[in-house]
Structures are given as C-alpha cells and as structure tokens.
Amino acid sequence: MEYKAFEPNFYSTTVGDWGQSFLYASKLGPKAYTLVDLGHHHPNVNIEQIVSLLLMEEKLGGFHFNDSKYGDDDLTVGAIKPYQLFLIFNELVEGMDARGMNHATDLGWMIDASHNVKDPLEDLLQSVEAIMISYAQALLVDRKKLQDAQENNDVAAAQEVLQQAFRTDVRALVAEARLRAGGALNPLGVFRGEKVREHLIKERGLKTVATGL
Ligand SMILES: [Mn+2]
C-alpha cells in the first residue's frame, strides 16, 4: 500500500499517510505491506523513524526512491537531502540485520522519479550511484559505538558516530565495487562517451509522448 500526503491537484488522496497504509496492510493480512515513497511526505517528516517503525512491525514492503524540495517533485534520490537518505539507510541496515533479512531481496527496491528536465536514463545512473553511496555509508556505521551512545543517552557521541560514516568519501570504493561487478567506473561518463542516448534516438525515433501529468 503506497501512501501519499497530497496530490498537486484539488482532490484528497485515499491513503494519506503511513498510518493509514499500515492500518490497511494490517487488515488485509500477512501478504500486505506498506510502501514508502520518499517524495510522498510533508516537508521535514522524519522518514527514517517511519522506516524503523514499519520494520519493527514487519510491515515494510519496499521503497520508491526519489527526492523532493516541495512535495512529490520527483527529483533524483539524494540530490537534495543526502543526509536524510543516509539516515534512512542506517535504519534499514540496522532493522534488516536485526530481523535477519536479506538486504537485496527481502524488500522491494524501486526508483520512482519522473523527470521533465533531465534525461531519465542519466537520472537512473545518478540514482543508483546515490543509493550505493548511502548504503555503503550506512554499512560503515559503528553499530556497537552507536548502541552504546544510545543506551547512555549520549546524543553528542551518537552524532559523532553517524557523521563519521556520512562524511566518509566512499565514492572510489563504490566505483571499484561496480567495476569488479562488471560495470563502469564512471557510468554517466560512459553513457555520454558512447553516445547511448543518440543511438537509442536513432533506433526509436525522436517523437515521444511524456507520461504523467
Ligand atoms: Mn511512488
């Protein structure tokens, strides 16, 4: 059940927040889950807390990754609030490990961005990069130190642990991991250098119809 705080039009959404989604998913039974779309919240909502709670209740089904400055403006994930994305992945890693979940397969990972001003394929490359960076940074968090700080109500120490991981530049590590997995060190550079867009346009034609509003 995907929820959404509001539509950019004059009508009310049926499932307006995570609580309604959780209620429906609970009533529908064990095969129903809540889907979190990062762009479907009011500004400053604590999404990482929602993620943590849904994981604890075993009702988190998956993600729609994007970012927003106002609301559902479908910007590239991590483009506006990379620290929030990191905090969300921090809760995901902690919560999935606590439940013995498989990081790759036990949640549905989707990119849900709809661009008007960007090549959507370039956005996908940037989205995957942003997700990999946040995930790698979340894996770097010193869990033991963080838990000790939490148990001792030591907020300053907890912040040190989290920001130590967030401020670690993992871009080279992520690029090397991608290379070893058969990918490119610099996907956007390869995409542009190989003129992938031009080749696809030659194949498919120039006339396209945009989806969405
Ligand atoms: Mn969505």
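The preceding data block contains the structure.
Model, not experiment: these values are computed from the prediction. Think of each chain on its own: its residues are numbered from 1, step by step along the sequence as written. For this predicted model, a pLDDT threshold of at least 70 governs which residues receive local features, and a threshold of 80 or more governs which side-chain atom pairs are given and counted, while totals over whole chains, interfaces and linings are taken from all residues.

Novice: Explain the overall build of the protein here, please?
Specialist: Here a strand is any run of E in DSSP of at least two residues, a helix any run of H or I of at least four, and the numbering for each starts at the N terminus. The secondary structure content of the protein amounts to nine helices and three strands. Listing each helix as α and each strand as β along the protein from the N terminus yields α-β-α-β-α-β-α-α-α-α-α-α. Computed over the C-alpha atoms, the radius of gyration of the protein is 19 Å, within 12% of the 17 Å expected from 2.2 N^0.38 for a compact globule of 213 residues. Dimensions along the principal axes, computed over C-alpha positions, put the protein at roughly 60 × 45 × 30 Å. Restricting the calculation to C-alpha atoms gives the radius of gyration, and the globule rule supplies 2.2 Å times the number of residues raised to the power 0.38.

Novice: Is there a simple way to explain the sheet that holds strand β1 (residues 34–37) in this structure?
Specialist: One key point about sheets: their strands pair by backbone hydrogen bonds, in either a parallel or an antiparallel sense. Whether two strands pair comes down to DSSP finding at least two bridges between them. Taken in spatial order, the three strands of this open sheet run β1-β2-β3, and their pairing is parallel. Each of the sheet's edge strands pairs with one partner strand only, and the pair in question is β1 and β3 (108–111). Across the sheet, the mean angle separating the axes of adjacent strands is 20° when strand polarity is ignored. As defined by bridge partners, β1 adjoins strand β2 (residues 60–65) across four bridges and the pair is classed as parallel. The residue bridging valine 36 from the neighbouring strand is phenylalanine 63, located in β2. Where helix α2 (residues 47–56) meets the sheet, it contacts β1 and β2, and its direction lies at approximately 165° from that of β1. Throughout, an axis means a line fitted to C-alpha atoms (over the contacting stretch in the case of helices), and angles, computed between N-to-C directions, take values from 0 to 180 degrees. Two residues qualify as a contact pair if the distance between their C-beta atoms, derived from the backbone, is within 7 Å.

Novice: Explanation requested: the pairing of β2 in the structure shown.
Specialist: Walk down a regular strand and you will see the side chains alternate between the two sheet faces. Handedness of the β-α-β unit built from β1, α2 and β2 comes out right-handed. Note: β2 against β3, four bridges, orientation parallel. Paired with histidine 64 across the bridge in β3 is methionine 110. As for the winding sense of the linkage, the β-α-β connection from β2 through helix α3 (residues 82–98) to β3 is right-handed. Call a crossover right-handed when, viewed with both strands pointing away from you, the route from the first strand across the helix to the second goes clockwise.

Novice: Just to check I follow, could you spell out the packing of α3 against helix α4 (residues 120–140) for this structure?
Specialist: Axes are the key here: two packed helices are described by the angle between their axes and the distance separating the axes. Two numbers describe how α3 lies on α4: the axes approach to 8 Å, and their chain directions differ by 55°. In terms of orientation, α3 lies oblique with respect to α4. Classified by chirality, the crossing of α4 by α3 is right-handed. Packed against α3, whose contacting residues are Leu85, Phe86, Phe89, Asn90, Leu92 and Val93, the element α4 presents Ala130, Ser134, Tyr135, Gln137, Ala138 and Leu139 at the interface. Split into classes, the residues belonging to the contact of α3 with α4 amount to nine nonpolar, three polar and no charged. Oblique is the label for every angle not falling under 35 degrees (roughly parallel), over 145 degrees (roughly antiparallel), or within 65 to 115 degrees (roughly perpendicular). In this scheme the handedness of a crossing depends on how the near helix is turned from the far one: anticlockwise by less than a right angle means left-handed, clockwise means right-handed. Any residue that is not Ala, Val, Leu, Ile, Met, Phe, Trp, Tyr, Cys, Pro, Asp, Glu, Lys or Arg is counted as polar, Gly included; the first ten are nonpolar and the last four charged.

Novice: Which parts of the structure should I look at to understand the packing of α4 against helix α7 (residues 171–180)?
Specialist: Between α4 and α7, the least distance of the axes is 10 Å, while the angle of their chain directions is 110°. Comparing the axis directions of α4 and α7 gives the class roughly perpendicular. Crossing of α4 over α7 shows right-handed handedness. For the pair formed by α4 and α7, the contact residues are Met132, Ile133 and Ala136 on the first element and Arg171, Leu173 and Val174 on the second. Considering only residue class, the contact of α4 with α7 consists of five nonpolar, no polar and one charged.

Interpretation in functional terms is not warranted from these geometric data alone.
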